[in-house]
Amino acid sequence: QVQLVESGGGLVQPGGSLRLSCVASGRSFSPYSVAWYRQAPGNQREVVAIIGANGATNYADSVKGRFTVSRANAKNTVDLQMNNLRPEDTGVYLCTVDGYWGQGTQVTVSS
């Protein structure tokens, strides 16, 4: 069985930072790309960041320069470091790998 669990969300003021983690059990991340998505009410789910099996990364234009995705294969973990957060970054953040999704973690950016 494959399980993905996201954590690290919370309430943060604009300009603040959060670090999200996605931890997998049942299967190693190592052969797969892992993607972070986010979704807010009324908005489509959008891809935020992707990290390939080789470590190559891609980011949505809206988060370039502010977010960093990384992986620690020995820990079966992919992290998303989010800096200089904006209210429009608010949403449920989910990780996905090989067609599996986690339950999501809520990020709220508000003063």
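The paragraphs below set out a description of the structure included in this document.

Parameters at a glance
Residues numbered from 1 in each chain as written. Predicted model: local features only at pLDDT ≥ 70, side-chain atom pairs only at ≥ 80, totals over all residues. Heavy atoms only, no water. Disulfide = S-S within 2.5 Å. Helix = DSSP H or I, 4+ residues; strand = E, 2+ residues; numbered from the N terminus. Buried < 20%, exposed > 50% of the residue type's maximum accessible area, 1.4 Å probe, protein only. Salt bridge = Lys/Arg side-chain N within 4 Å of Asp/Glu carboxyl O.

## Focus on the state of the cysteines
Part 1 of the argument: This structure, assessed with the given rule, holds 1 disulfide.
Part 2 of the argument: What pairs with Cys 22 in a disulfide is Cys 95, and their sulfur atoms sit 1.9 Å apart. Between Cys 22 and Cys 95, the S-S torsion sits near 60°, and that sign places the bridge as right-handed. Note that Cys 22 is positioned in strand β3 (residues 18-25) and Cys 95 in strand β9 (residues 91-97), a separation of 73 residues in sequence. Exposure class is identical for Cys 22 and Cys 95. Each is buried.

## Looking at the pattern of salt bridges
Part 1 of the argument: Within this structure, the stated rule accounts for 5 salt bridges.
Part 2 of the argument: The residue Arg 19 makes a salt bridge to Asp 79 at a minimum N-O spacing of 3.1 Å. A residue pair is termed long-range when its members are at least 10 positions apart, and Arg 19 in strand β3 and Asp 79 in strand β8 (residues 77-82) qualify at 60 residues.
Part 3 of the argument: When its relative accessible area of 13% is taken as the criterion, Asp 79 is described as buried.
Part 4 of the argument: When the shortest N-O distance is used, the salt bridge between Lys 64 and Asp 61 registers 3.0 Å. An identical accessibility class is assigned to Lys 64 and Asp 61; each is exposed.
Part 5 of the argument: Taken together, the salt bridges that share partners define one network made up of Arg 38, Glu 46, Arg 66 and Asp 89.

Function cannot be inferred from these measures alone, as they are strictly geometric.
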